[in-house]
Amino acid sequence: MRDVRRGLGAAAAALLVMAAIALAALLLLGAGRFGDLTALTATVVALAVGGSADVVATPSGALPVTVHGAVDVLPLGVSLAGAVVLGALVLRHGRDGLAVRATSAAVAVVVGLAAISLLSKGNLALRMPGDSGGGSVCGAGTGAASRLGGAVDAGFSAAFLPTVAAAAVWALVVAGSCALAGRFPAVVPGLRWAAMAFGVLTACGVLVAGVFGGAAAAGIVLLALPQAVAGALVLGLGVPWTVTSGGVLSCAVHGIEPGGAWIWVPVVVLTACAVVVATRSGSGGLLRRAGVFAAVTGGALAVVTLLSRVSVDLGVTAFGLPIPVLDGRLSANPLLALAAGAVAGFASGLLAGAISVSSRAWKR
């Protein structure tokens, strides 16, 4: 029973941390002007485990028009914070009772997120933009939008069953990772170091964003810093992010690619990480450590790239007829990210190994 209680406590702490970070980000973004912060916070937490948010709006006026949409985006800043807290508390007491703690924590997380998804129902006070006479957006003018202008009564909620299913997957992945780490005790210190590095990077990112970009920028960084870091690394390695759009507001498919100077960003970052790994790791050949670093780097970039996909669906139902307005996607190829990350990681590992060997030879 003691390990069951510890597992329940770990789940409660993880959910509280996720809710606290989501609330802090929403406060920085000034979201309280548009809706109830409790419901908005619950929705962000549901999105953080892979759920989706649905929005239904009814513009004011006599026209029988309903705007409906779905947003599928993963705020990885909230997700990783919850995973770090859950994993750290589950692993805190060693291998004894680890399976019980992990299982009870996973069950409690699913139950807790099911309750949270029920709280994620509220209204948004929005005003659709009028026709300002400006240019078109993605080839479509704003005249249709102006005819729907005025106050909008928008309701939002997190889809219950998708949120519960995604929460189960998220909890099982974290619990399974804890169980796997328990079988390899040498990995645990590395995980703790990575967790501390993530916390320091997040704090510095929020501080810098707040100083140079204001409160809203700090809120965005708090929600999506992992996406920003991974996106910059992937772009720097030559893997473009692709934007596609369909519906009335359709755009041509195009890629977001960096300038030539961007290539130095991932090289410097990966080499610095590899130097730290090389200096802190024990015995092992240069090629072996470079290969491990390549596998970890490529796998991490592929996973984060896959999780960083964003999709937005927007449609209008007028006089009973559904009209697709926008079907937007932002994504990058995870296989290309895997290959680019593995190559860059291997090269950075070799360079870091050479730096480490040269440093030891110089000290002698």
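Residues numbered from 1 in each chain as written. Predicted model: local features only at pLDDT ≥ 70, side-chain atom pairs only at ≥ 80, totals over all residues. Heavy atoms only, no water.

**Here we look at the overall build of the protein**
Link 1 in the chain: Secondary structure assignment for the protein yields 11 helices and 8 strands.
Link 2 in the chain: Put simply, the protein has 364 residues, and 38% of those count as buried.
Link 3 in the chain: Restricting the contact set of the protein to residue pairs at least 6 apart, pairs at least 24 apart contribute 74%. (Helix = DSSP H or I, 4+ residues; strand = E, 2+ residues; numbered from the N terminus. Buried < 20%, exposed > 50% of the residue type's maximum accessible area, 1.4 Å probe, protein only. Contact = heavy atoms within 4.5 Å.)

**Structural notes on the confidence of the model for the protein**
Link 1 in the chain: Across the protein, the average pLDDT comes to 79, with 77% of residues at or above 70.
Link 2 in the chain: Across the protein, the secondary-structure element scoring lowest on mean pLDDT is helix α5 (residues 143-147), at 45, and the one scoring highest is helix α2 (residues 37-48), at 94.
Link 3 in the chain: Low pLDDT (under 50) marks residues 130-149, which in the prediction has 21 contacts with non-local residues, meaning those over four places away or in another chain. (pLDDT = per-residue confidence, 0-100.)

**Describing the pattern of salt bridges**
Should their charged atoms come close, side chains of opposite charge can pair.
Link 1 in the chain: Scanning all chains against the criterion turns up 3 salt bridges.
Link 2 in the chain: Aspartate 3 serves as the salt-bridge partner of arginine 6, at 3.7 Å between the closest nitrogen and oxygen. Residue arginine 6 and its partner aspartate 3 are both found in helix α1 (residues 2-29); the two are separated by 3 residues, about one turn of the helix.
Link 3 in the chain: For aspartate 3, a relative accessible area of 17% gives the class buried.
Link 4 in the chain: The partner of arginine 329 in a salt bridge is aspartate 313, with the nearest N and O atoms 3.2 Å apart. Within this pair, whereas arginine 329 is found in strand β8 (residues 321-332), its partner aspartate 313 is found in strand β7 (residues 310-318), the two being separated by 16 residues in sequence. (Salt bridge = Lys/Arg side-chain N within 4 Å of Asp/Glu carboxyl O.)

**Quick notes on the nonpolar core**
Link 1 in the chain: In terms of nonpolar packing, the biggest core is built from 56 residues, with Met18, Val78, Leu86, Val90, Val109, Leu113 and Trp170 touching the most fellow members.
Link 2 in the chain: The biggest single contributor to this core is helix α4 (residues 98-119), with 10 residues. (Core = buried A, V, L, I, M, F, W, Y, C linked by side-chain atoms within 4.5 Å.)

**Brief notes about α2**
Link 1 in the chain: The terminal C-alpha atoms of α2 lie 16 Å apart, and with 12 residues this matches the ideal 16 Å at 1.5 Å per residue to within 8%.
Link 2 in the chain: Of the residues trailing α2, glycine 50 is marked for its positive phi of about 110°. (Expected span 1.5 Å × (residues − 1).)

**Details of the packing of helix α3 (residues 76-91) against helix α8 (residues 215-236)**
Link 1 in the chain: Across the interface, α3 lies against α8 with an axial gap of 5 Å and an inter-helix angle of 90°. Relative to α8, the element α3 lies roughly perpendicular. Taken together, the residues of α8 that come into contact with α3 (itself represented by Leu76, Gly77, Val78 and Leu80) are Leu222, Leu223, Pro226 and Gln227. (Axes fitted to C-alpha atoms, helices over the stretch in contact; angles between N-to-C directions. Parallel < 35°, antiparallel > 145°, perpendicular 65-115°, else oblique.)

**So, the pairing of β7**
Link 1 in the chain: Inspection of the sheet shows strand β2 (residues 65-72) paired to β7 by 8 bridges, in the antiparallel sense. Opposite histidine 68, over in β7, you have glycine 315 as the bridge partner.
Link 2 in the chain: Judged from the 9 bridges that link them, β7 and β8 form a sheet pairing that is antiparallel. Across the sheet, the residue bridging to leucine 314 is leucine 326, located in β8. (Pairing = 2+ DSSP bridges.)

**Digging into a nonpolar patch on the surface**
Link 1 in the chain: A cluster of nonpolar side chains, contributed by Leu207, Val208, Val211 and Phe212, occupies part of the molecular surface with about 470 Å² of accessible area.
Link 2 in the chain: The exposed category is assigned to phenylalanine 212, whose relative accessible area is 72%. (Patch = residues over 30% accessible without salt bridge, like charges linked within 9 Å, V, L, I, M, F, W, Y side chains within 5 Å. Areas by Shrake-Rupley, 256 points an atom, 1.4 Å probe, with all protein chains shown as cover.)

**Brief notes about the packing of α1 against α2**
Link 1 in the chain: Taken N-terminus to C-terminus, the directions of α1 and α2 make an angle of 120°; their axes are 9 Å apart at the nearest point. Here α1 is positioned oblique relative to α2, judged by the angle of their axes. By crossing handedness, the relation of α1 to α2 is classed as right-handed. Residues Met18, Ala19, Ala22, Leu23, Leu26 and Leu27 of α1 pack against Leu37, Leu40, Thr41, Val44, Val45 and Ala48 of α2.
Link 2 in the chain: In the contact of α1 with α2, the residues fall into 11 nonpolar, 1 polar and no charged. (Left-handed = near helix turned anticlockwise from the far one by under 90°. Nonpolar A, V, L, I, M, F, W, Y, C, P; charged D, E, K, R; others polar.)

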